[in-house]
Amino acid sequence: MKIRVRFAPSPTGPLHIGGARSALFNYLWARKNKGTFIVRSEDTDLERSSRESEHNILEALRWLNIQWDEGIEVGGENGPYRQTDRLELYKEYTERLITSGHAYYCYCSEEELEHERETLLAKGETPRYMGKCRQLTPEQRAALELDGRKPVVRFRVPEGQAIHISDQVRGDVVFESDGIGDYVIVKSDGIPTYNFAVVVDDITMSMTHVIRGEEHLSNTPRQVLIYQALGTPVPEFAHISLILNTEGGKMSKRDGDTAVIDYQKKGYLPEAIVNFIALLGWSPSGEEEFYTLDELAEAFSLDRVSKSPAVFDRYKLDYINTHYIKKSSPERLVELALPHLEELGIRPDEKRSDKQQQWLIGFIKAISEKISYMAEVKDYIHYFHGNVPLEPEGEALEVLKGEQVPRVLELFMEKVQSSEQLSGETVKVLLKQMTKELKLGGKFVYMPVRVALTGQMHGPELYDIIPLLGLENVLERIRVTKVRYLG
Ligand code: GLU
């Protein structure tokens, strides 16, 4: 049997980490089994769905390099792949269910339903539809229609049935049909509900596995009943655990970024995000923590997907991203850094000169071991760019009060001016010479130079900073420090 799986987002917002994980697990399962991965759009919530969200979700998947074999924008034999383009098909299936007696028209008004709800609640029972319209005669229906009532279609839930779901992650899960109540499968505007449309799609697209978030487990009995009513095979289910924050609560906007685009914007690398989300609920058999997409496709299996919740640990993500930053070429990192530098108004000319490119590469090399994601270049640029240092505070200010400082800075200026070129090597030599000539310990030379140049006691290596600042900026920064702090 050829494996067929799908990712079916509702285009009501950006792609969230949880959604990306569902997409990834389906993608990996398809690749592992040489199957087919489908992406389609569940856009029946007309109010909240938008083409823009759909576009953004697809873009985010592409950015993560999660490619689909069939589906929206790609095409295939089972299209269309957007639910609002499939309404005719749902109509056909609705008629089948009505004809076979598995579904019926319901004319109950909002008020009647609300009244029923309250009565059941008052009796301490679970609110559910009690089947008032189950047995309407054609005459009763005609009268209600004449009254201007627009019906919904409800699924007739069989009584006293145990609904067994064999879930690849959760094992056997059993639901009792009696708690469910006849649920709406088509709303009064003719639009199918999720539980119905998803089943029609999964049947007509011949899905073999449904891998999705645990939040859909409670929907599954409603879906299984529809498969049974239609007499079609039920796919294998795999419900993957919720993603919790480090405090054990459900991940929400309050925990920071939850959308993939947030991470893209901050300059996380797509291969790091993929690696990180793969480990949210799935664990490899060995010790290795770093996996490319190809390696994941090789290693992935549903039986190593955990039943217990996954924890979204931002430190782990940063750790993984750092690994991939170190593995990236400086040229790639320069491209990724540019939008962040641009936020600070730093942009190279349109046709970047060799000199500018070399400068950018030098900058990236000097800091790439220090940053966890590319937006952090903004925290480092002040060391390397511009002619004014940050204002020193506290201990840094104390450093400038040392009695040797004027001598150190004088000699430093002399040396950089007479240096034929400022390279990392010449700067190393020059600073060493200074300690010898002034007969001072390294600290008494390097620290005032560092603070005078950067305003900070810590930061990237001086032999990286000085060549990138260039002679003019170096001299100007020293001059500014002298005027401000040495009188
Ligand atoms: N549209 C649903 C969601 O975004 C899909 C659920 C499913 O995969 O069945 O959660």
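Draft legend 1. A look at the overall build of the chain. From N to C terminus, the chain includes 19 helices and 12 strands. Relative to its length of 487 residues, the chain is extended, with a C-alpha radius of gyration of 32 Å against a globular reference of 23 Å. Dimensions of the chain, computed from the C-alpha atoms along their principal axes, are close to 105 × 50 × 40 Å. Looking at the chain residue by residue over its 487 residues, the buried ones come to 49%. Looking at the chain alone, contacts between residues at least 24 apart form 75% of all its contacts between residues at least 6 apart. For the chain, the accessible area works out to roughly 24,300 Å², and carbon and sulfur atoms hold 49% of it. Here the chain holds 61 positive side-chain charges and 75 negative ones, and the gap between their average locations is 3 Å.

Draft legend 2. Local environment of the site of the ligand. For the ligand, the full set of nearby residues is Arg6, Ala8, Pro9, Ser10, Glu42, Tyr194, Val198, Arg212 and His216. A distance of 2.6 Å is found between a nitrogen atom of the ligand and a side-chain nitrogen or oxygen belonging to Glu42. Within the side chain of Arg212, an N or O atom sits 2.8 Å from an oxygen atom of the ligand. When the ligand is considered free in solution it has 300 Å² of accessible area, and contact with the protein chains removes 80% of it.

Draft legend 3. Expanded view of the pairing of strand E2 (residues 36-39). On E2, burial covers both faces: Thr36 and Ile38 on one face and Phe37 and Val39 on the other are all buried. With 4 bridges joining them, strand E1 (residues 4-7) and E2 adopt parallel strand pairing. By the bridge assignment for E2, Arg6 is matched with Ile38. For the crossover that starts at E1, traverses helix H1 (residues 17-32) and ends in the parallel E2, the hand is right-handed. The pairing of E2 with strand E3 (residues 70-71) spans 2 bridges and is parallel. Note on E3: the bridge partner recorded for Ile38 is Glu70.

Draft legend 4. Here's a closer look at the pattern of salt bridges. Per the stated rule, a full pass over the model turns up 32 salt bridges. Between Arg4 and Glu70 there is a salt bridge; the shortest N-O distance is 3.2 Å. Within this pair, whereas Arg4 is found in strand E1, its partner Glu70 is found in strand E3, the two being separated by 66 residues in sequence. Here Arg352 makes a salt bridge to Glu335, at a shortest N to O gap of 3.0 Å.

Draft legend 5. Expanded view of helix H4 (residues 110-122). Taking 1.5 Å of rise per residue, the 13 residues of H4 would be expected to cover 18 Å, and the 18 Å separating its terminal C-alpha atoms lies within 8% of that figure. Directly after H4, the chain includes Gly124, whose backbone phi takes a positive value near 75°.

Draft legend 6. Here's a closer look at the packing of aromatic side chains. Going through the model one piece at a time under the given rule, you end up with 16 aromatic pairs. A ring pair is formed by Phe363 and Phe384, whose centres lie 5.3 Å apart and whose planes are at 70°; its orientation type is edge-to-face. Here Phe363 is found in helix H13 (residues 354-367), whereas its partner Phe384 is found in helix H14 (residues 377-384), with 21 residues between them in sequence. Phe363 sits in the buried class, given a relative accessible area of 0%.

Draft legend 7. Looking closely at the sheet that holds E3. Pairing in this open sheet of 3 strands is parallel, and the strands run E1-E2-E3 from one edge to the other. Two strands lie at the open edges of the sheet, namely E1 and E3, each paired on one side alone.

Draft legend 8. Representation of the side chain of Asp182. As for its placement among the helices and strands, Asp182 is situated in the loop between strand E7 (171-176) and strand E8 (184-186). For Asp182, the side chain forms a polar contact with the side chain of Arg134, separated by 2.7 Å. A distance of 2.9 Å separates a polar atom in the side chain of Asp182 from the backbone nitrogen of Val157. If we skip the residues at most four places from it in the chain, Asp182 touches Tyr104, Tyr129, Gly131, Arg134, Arg154, Phe155, Arg156 and Val157.

Definitions and limits used
Residues numbered from 1 in each chain as written. Predicted model: local features only at pLDDT ≥ 70, side-chain atom pairs only at ≥ 80, totals over all residues. Heavy atoms only, no water. Helix = DSSP H or I, 4+ residues; strand = E, 2+ residues; numbered from the N terminus. Rg over C-alpha atoms; globule rule 2.2 N^0.38 Å. Buried < 20%, exposed > 50% of the residue type's maximum accessible area, 1.4 Å probe, protein only. Contact = heavy atoms within 4.5 Å. Areas by Shrake-Rupley, 256 points an atom, 1.4 Å probe, with all protein chains shown as cover. Lys, Arg positive; Asp, Glu negative; His and termini not counted. Charge placed at Lys NZ, Arg CZ, Asp CG, Glu CD. Near = heavy atom within 4 Å. Polar contact = N/O pair within 3.5 Å; in protein donor to acceptor, adjacent residues only side chain to side chain. Pairing = 2+ DSSP bridges. Right-handed = clockwise from strand over helix to strand, strands pointing away. Salt bridge = Lys/Arg side-chain N within 4 Å of Asp/Glu carboxyl O. Expected span 1.5 Å × (residues − 1). Phe/Tyr/Trp six-rings, centres within 6.5 Å; stacked < 30°, edge-to-face > 60°.

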